[in-house]
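# Structural characterization, general
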Amino acid sequence: MSFPAFRSRRLRRTEALRRLSQEVELSPRHLIAPLFVKEGIPEPVPIPSLPGQVQHTRSSLVEEVGELVELGVGGVILFGIPARKDAVGSGAWDDEGVVQRALRALRSEFGDRAVLMADLCLCEYTDHGHCGVLAEGPDTVDNDRTLELYGRIAASQARAGADVIAPSGVMDGQVAAIRRALDGAGFSQVVILSYAAKFASTFYGPFRDAAESAPRFGHRRAYQLAPANLRAALRRVEEELAEGADAVMVKPALPYLDVVRAVRERWQVPVAAYCVSGEYAMLHAAAQRGWLDLESAMMEVLLAIRRAGADWILTYFAKDAAWLLR
Ligand code: PBG
């Protein structure tokens, strides 16, 4: 017998054999595009730290979603930037708010052909930039008072036509509060995709420019998860599933693929991974310098996130990747 007996290269010899042997697939339907819509701007505003991404007007948003639907992406998730902010973020539950008006426009344009998700948080709507109402003392955000507001936001987003509500504020009890509010308002069919394993990450930097949501003081480490802690993340996923989350998210993606894998192995629900703004920005920055090939780096990253176990990938690469996969 020849040596070695096991030759793994046999299955990699030709392109056709490599195609036959591929274990996971990446399709446009796996991708969810995060989109920013801003009130009161006459035309789209480019976001310097997210090359190719813009703050949309309502009409440019409709156009963009049309292209994404055409390319077969799985869905879009909306982030709103209101004209005015206040201490409690009241713009977030205004039925005439920026996201609500955008949802209605999209729903009337695309009917049920587009899956419309709404990020649910207060940081874009509060003048201090935290994800809830402020409390006295070092723990900055008052968890329980914030829950009541999250319920109002959820009902308002559902009235405007959201298929999926995605709470990203990492408040305890948020899923139960939102489920109760939705059911109470007659929206028992609306899905909750919870940002259950959302880590306090430096990689959110460019997003905070895009969404104009950086905290004016302090940080989010008293509510978002500690990057070192896998067990704490799993505990939180367990809890939010018990509260009624239909699907859960891990965020960011690349530095936390072990968390994606662990969640995938433990629970039989759709698992989303959010490849965040900083992950997108760093690939673009390296590519701009000629240090990486952007297209192949993008596809490798997205496929790796699928391999780790994500069903859905929220990514600013959604349109470019869907275009290549079409
Ligand atoms: C709001 C929110 C953030 C992101 C999604 N929702 C920012 C934050 O928590 O500071 C980050 C997304 C990204 O970086 O692409 N709570």
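## Let's talk about the overall build of the protein
Along its length, the protein carries 11 helices and 10 strands. What you see for the protein is a C-alpha radius of gyration of 20 Å, in line with the 20 Å of a compact globule of 326 residues. Along the first, second and third principal axes, the C-alpha set of the protein runs to 75 × 45 × 40 Å. Taking all 326 residues of the protein together, 54% fall into the buried category. Here the analysis covers contacts within the protein between residues at least 6 apart in sequence; of these, 75% occur between residues at least 24 apart. Side-chain charges of the protein comprise 38 positive and 41 negative groups, with the mean position of each set lying 7 Å from the other.

## Some details on the site of the ligand
Looking at the ligand, there are 18 residues lining it, with K198, R208, K251, S277 and Y316 nearest. Between the ligand and Q224, the relevant distance is 2.8 Å, taken from an oxygen atom to a side-chain nitrogen or oxygen of the residue. With the chains in place, 100% of the 400 Å² that the ligand exposes on its own is no longer accessible. Per-class residue counts for the shell around the ligand are 10 nonpolar, 3 polar and 5 charged.

## Here we look at helix α4 (residues 143–159)
Here α4 is 17 residues long and its end C-alpha atoms lie 25 Å apart, about the 24 Å a rise of 1.5 Å per residue gives. In terms of burial, α4 is largely enclosed, as 12 of its 17 residues are buried. For α4, the full list of buried residues reads N143, T146, L147, L149, Y150, G151, I153, A154, A155, S156, Q157 and A158. In the core, the buried residues of α4 are packed alongside α3 (98–110), β5 (116–120), β6 (164–167) and α5 (174–184). For α4, the side-chain oxygen to backbone nitrogen distance between the N-cap and D144 is 3.2 Å, and the N-cap itself is D142. Looking at the residues trailing α4, positive phi occurs at G161, about 115°.

## Observations concerning the pattern of salt bridges
Using the criterion set out here, one finds 18 salt bridges in the structure. Close ionic contact of R235 with E238 constitutes a salt bridge, the shortest N to O distance being 3.5 Å. Residue R235 and its partner E238 are both found in helix α7 (residues 230–242); the two are separated by 3 residues, about one turn of the helix. Residue E238 is classed as partly exposed on the basis of its relative accessible area of 42%. Through salt bridges with shared partners, a single ionic network connects E64, E67 and K319.

## Concerning the pairing of β6
Here β6 shows no split at all, with V164 and A166 on one side and I165 and P167 on the other all buried. In this structure, β5 lies alongside β6, joined through 4 bridges in parallel fashion. Paired with M117 across the strands is V164, a residue of β6. Looking at chain direction, β6 and strand β7 (residues 191–198) are connected through 2 bridges and run parallel. Considered in β7, the bridge of I165 is made with I192. Following the chain from β6 across α5 to the adjacent parallel β7, one finds a crossover that is right-handed.

## Re the nonpolar core
In terms of nonpolar packing, the biggest core is built from 111 residues, with F36, Y150, L182, V263, Y274 and I305 touching the most fellow members. The element best represented in this core is helix α10 (residues 294–308), accounting for 7 residues. Sequence-distant contacts of F36, defined by excluding residues within four places in its chain, comprise I47, L50, V54, Q55, H56, F79, I81, F207, A210, A211 and Y316.

## Quick look at α5
What α5 keeps buried is the set Q174, V175, A177, I178, R179, A181 and L182. Taken together, the buried residues of α5 touch β5, α4, β6, β7 and α7. At the C-terminal side of α5, G186 shows a positive phi close to 90°.

## Re the packing of aromatic side chains
For any two aromatic rings, the description comes down to two numbers: the centre-to-centre distance and the angle of the planes. Following the criterion strictly, the structure yields 9 aromatic pairs and no others. Between F36 and F207, the aromatic rings sit 5.5 Å apart at their centres with planes inclined by 55°, giving tilted as the arrangement. Within this pair, whereas F36 is found in strand β1 (residues 31–38), its partner F207 is found in helix α6 (residues 205–210), the two being separated by 171 residues in sequence. Assigned by exposure class, F36 and F207 land together as buried. Note on F199 and Y256: the rings are 4.2 Å apart at their centroids and 15° apart in plane angle, and the pair reads as stacked. Here F199, found in the loop between β7 and α6, pairs with Y256, found in the loop between β8 (247–251) and α8 (257–266); they are 57 residues apart in sequence, far enough to count as distant.

## Observations regarding the packing of helix α2 (residues 58–71) against α3
Orientation of α2 relative to α3, taken along the N-to-C sense of each, is 40°, at an axis distance of 10 Å. What the angle tells us is that α2 and α3 run oblique. Crossing handedness for the pair α2 and α3: right-handed. Here R58, L61, V62, V65 and G66 of α2 come into contact with α3, specifically with R101, A102, A105, L106, E109 and F110. Among the residues forming the contact of α2 with α3, the class breakdown is 7 nonpolar, 1 polar and 3 charged.

What counts, and at which threshold
Residues numbered from 1 in each chain as written. Predicted model: local features only at pLDDT ≥ 70, side-chain atom pairs only at ≥ 80, totals over all residues. Heavy atoms only, no water. Helix = DSSP H or I, 4+ residues; strand = E, 2+ residues; numbered from the N terminus. Rg over C-alpha atoms; globule rule 2.2 N^0.38 Å. Buried < 20%, exposed > 50% of the residue type's maximum accessible area, 1.4 Å probe, protein only. Contact = heavy atoms within 4.5 Å. Lys, Arg positive; Asp, Glu negative; His and termini not counted. Charge placed at Lys NZ, Arg CZ, Asp CG, Glu CD. Near = heavy atom within 4 Å. Polar contact = N/O pair within 3.5 Å; in protein donor to acceptor, adjacent residues only side chain to side chain. Areas by Shrake-Rupley, 256 points an atom, 1.4 Å probe, with all protein chains shown as cover. Nonpolar A, V, L, I, M, F, W, Y, C, P; charged D, E, K, R; others polar. Expected span 1.5 Å × (residues − 1). Salt bridge = Lys/Arg side-chain N within 4 Å of Asp/Glu carboxyl O. Pairing = 2+ DSSP bridges. Right-handed = clockwise from strand over helix to strand, strands pointing away. Core = buried A, V, L, I, M, F, W, Y, C linked by side-chain atoms within 4.5 Å. Phe/Tyr/Trp six-rings, centres within 6.5 Å; stacked < 30°, edge-to-face > 60°. Axes fitted to C-alpha atoms, helices over the stretch in contact; angles between N-to-C directions. Parallel < 35°, antiparallel > 145°, perpendicular 65-115°, else oblique. Left-handed = near helix turned anticlockwise from the far one by under 90°.

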